[in-house]
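A structural walkthrough
Residue-level listing of the chains:
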Amino acid sequence: MRWSTSKTVVGSLEGADIVTVLVGEEQREFTIHRNLLSDSCAFFRGHIEAIPSPSHHQQNDDEDEDSILWLPNEAPDMFEIFVLWLYQRRRFPAFIESATQAMCPDKLRTLRTNLVRLHLFAAMIELPAVQDAAMDALQDMYLRFDWDMSPHFLAFLYGECDAQHAVRLRKWAVAMLAWSLHGVDKAAARHDADKLFVAYPDLKADYHMHLQKMVQSRADVRIKNPQLRLPANGLRSGERLFGFRQCTFHSHRAAVGEGTCPHALALGQTPFPLPVPGPDKEEVESDKEETDIISPVRDLNEVSYLDLS
Ligand SMILES: [Zn+2]
């Protein structure tokens, strides 16, 4: 996965407040508020600061072509979820949650694929808050639908992904693998895993390191479920036997321990189902009216996700 860092700039649409991003080979167009995108991370800030102001910019067709941020190797459906996060970060978990309740199995799997891509994309642009939102959503989906870690997914993480970008996903996937290998249907899973261990020595090493850590912390790998994320606050002593602390698979730089997750507010740690709140002025989001006009994100059910599963 590589980025075109090539070209930036303004959408031909509405001047300085709007940036146009083209995504994928098909160049699906996203128009995004300049400040919102710029404030999200250094990657976008750098590109957007290079955008000439429209008032000093003699617009013609050629210049427009030279002045668009194009991400040719990213999936538009993944980027759509990123834009959803950008505009609705506090409500992001609720949107994903309600989308998964209504989706057919095929769409659920492609949503999962795009959440994985979102996690990797966020690693590339160094935006840990998005990684952690994606990770929480993935764990919740796996818990809700009781999915196992598939050999295909492990092969993707260890065979196709940059090791650094995928480090958190790998950590979680290995914990999932260990959990299923020690579960009830272990014979078939063991057979698949042995083949994977031969193909991907890094996976084998990570797996054994994980088992070692489980032994050191006196955790029972048969019941410590990596689908189950436990907020650090208010954790009762018995609970950690059955799940992992939420921050275990997070990417933020704050110490992973007993403290509060720095993304807790943004991640909306409220029991489901969430009511859909009205516009909230404190949020770093556009207000509702702007979102309706500008945000390209529609109902997640209507999105035609690419399928990599
Ligand atoms: Zn955290």
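Residues numbered from 1 in each chain as written. Predicted model: local features only at pLDDT ≥ 70, side-chain atom pairs only at ≥ 80, totals over all residues. Heavy atoms only, no water.

1. Thoughts on the overall build of the protein chain
- Within the protein chain, the regular secondary structure consists of twelve helices and five strands.
- By residue count, 50% of the 309 residues in the protein chain fall in the buried class.
- For the protein chain, the accessible surface area stands at approximately 15,700 Å², while carbon and sulfur atoms represent 51% of it. (Helix = DSSP H or I, 4+ residues; strand = E, 2+ residues; numbered from the N terminus. Buried < 20%, exposed > 50% of the residue type's maximum accessible area, 1.4 Å probe, protein only. Areas by Shrake-Rupley, 256 points an atom, 1.4 Å probe, with all protein chains shown as cover.)

2. Re helix α10 (residues 186-199)
- Taking 1.5 Å per residue as the helical rise, α10 with its 14 residues ought to reach 20 Å, and the 20 Å between its terminal C-alpha atoms agrees with that figure.
- All buried positions along α10 are accounted for by A193, L196 and F197. Seen end-on, α10 carries its buried residues on one side only, within an arc spanning 100°. With respect to the buried face of α10, the exposed residues turned more than 90 degrees away are A187, A188, K195 and V198.
- For α10, the elements touching its buried residues are α8 (151-159), α9 (167-181) and α11 (201-216). (Expected span 1.5 Å × (residues − 1). Arc of directions from axis to C-beta. Contact = heavy atoms within 4.5 Å.)

3. So, the environment of A129
- With respect to the secondary-structure elements, A129 resides in helix α7 (residues 128-145).
- Judged by relative accessible area, A129 falls into the buried class, the value being 16%.
- C-alpha separation for the pair A129 and H263, spaced 134 residues apart in sequence, amounts to 6.4 Å.

4. Description of the packing of aromatic side chains
- One pass over the full model with this rule turns up 13 aromatic pairs.
- Aromatic side chains F43 and F44 sit 5.2 Å apart centroid to centroid with 85° between the ring planes, which places their arrangement in the edge-to-face category.
- In this structure F43 comes out as buried when scored by relative accessible area, which is 19%.
- Taken together, F30, F43, F44, F79, F82, W85 and F121 form an aromatic cluster joined through their ring pairs.
- Directly above the aromatic system of W147 lies the positively charged group of R112, at a separation of 5.3 Å from the ring centroid.
- Here R170 stacks its cationic end above the ring of Y158, 4.2 Å away from the centre of that ring. (Phe/Tyr/Trp six-rings, centres within 6.5 Å; stacked < 30°, edge-to-face > 60°. Lys NZ or Arg CZ within 6 Å of the ring centre and 35° of its normal.)

5. Considerations on helix α4 (residues 76-87)
- The terminal C-alpha atoms of α4 lie 16 Å apart, and with twelve residues this matches the ideal 16 Å at 1.5 Å per residue to within 8%.
- With twelve of twelve residues buried, α4 lies mostly within the body of the structure.
- For α4, the complete set of buried residues consists of P76, D77, M78, F79, E80, I81, F82, V83, L84, W85, L86 and Y87.

6. Some words on the pattern of salt bridges
- In this structure the tally under the stated criterion is eight salt bridges.
- Across the pair R109 and D106 runs a salt bridge, and its minimum N-O distance is 2.8 Å. Here D106 and R109 lie together in helix α6 (residues 105-124), a separation of three residues that amounts to about one turn.
- Taking relative accessible area as the criterion, R109 reaches 31% and is therefore assigned partly exposed.
- It is possible to trace a salt-bridge network through shared partners that takes in R28, D77 and E80. (Salt bridge = Lys/Arg side-chain N within 4 Å of Asp/Glu carboxyl O.)

7. What to know about the environment of W147
- Looking at the element boundaries, W147 is found in the loop between α7 and α8.
- Accessibility expressed as a relative area gives 15% for W147, which makes it buried.
- On a C-alpha basis, the gap between W147 and S180 in space is 9.9 Å, while along the polypeptide they are 33 residues apart.
- Sequence-distant contacts of W147, that is, excluding residues within four places in its chain, are made with L108, R112, M141, Y142, M176 and Q227.

8. Re the pairing of strand β2 (residues 28-33)
- Across six bridges, strand β1 (residues 18-23) lies against β2 in antiparallel orientation. Within β2, the position partnered with I18 by the bridge is H33.
- Where β1 hands over to β2, the hairpin turn is made up of four residues, of which G24 adopts a positive phi near 80°. (Pairing = 2+ DSSP bridges.)

9. A few points about the confidence of the model for the protein chain
- For the protein chain, mean pLDDT is 77; residues scoring 70 or higher make up 70% of the total.
- Segment residues 1-14: pLDDT under 50, and 51 contacts once partners within four positions in sequence are set aside and those in other chains are kept.
- Across residues 267-309, confidence stays below pLDDT 50; counting only partners more than four residues off in sequence or on other chains, it has 94 contacts. (pLDDT = per-residue confidence, 0-100.)

10. Some points on the pairing of strand β4 (residues 225-230)
- Burial runs high along β4: five of the six residues are buried.
- Note: β4 against strand β5 (residues 243-245), three bridges, orientation parallel. Looking at β5, one finds that N225 is bridged to G243.

11. A short note on the sheet that holds β1
- The strand order across the open sheet built from three strands is β2-β1-β3, with neighbouring strands paired in mixed fashion. Here the strands that pair on one side only, and so sit at the sheet edges, are β2 and β3 (69-71). Each neighbouring strand pair of the sheet contributes to a mean axis angle of 30°, computed without reference to strand direction.
- Inspection of the sheet shows β1 paired to β3 by three bridges, in the parallel sense. What sits directly across from L22, in β3, is W70. (Axes fitted to C-alpha atoms, helices over the stretch in contact; angles between N-to-C directions.)

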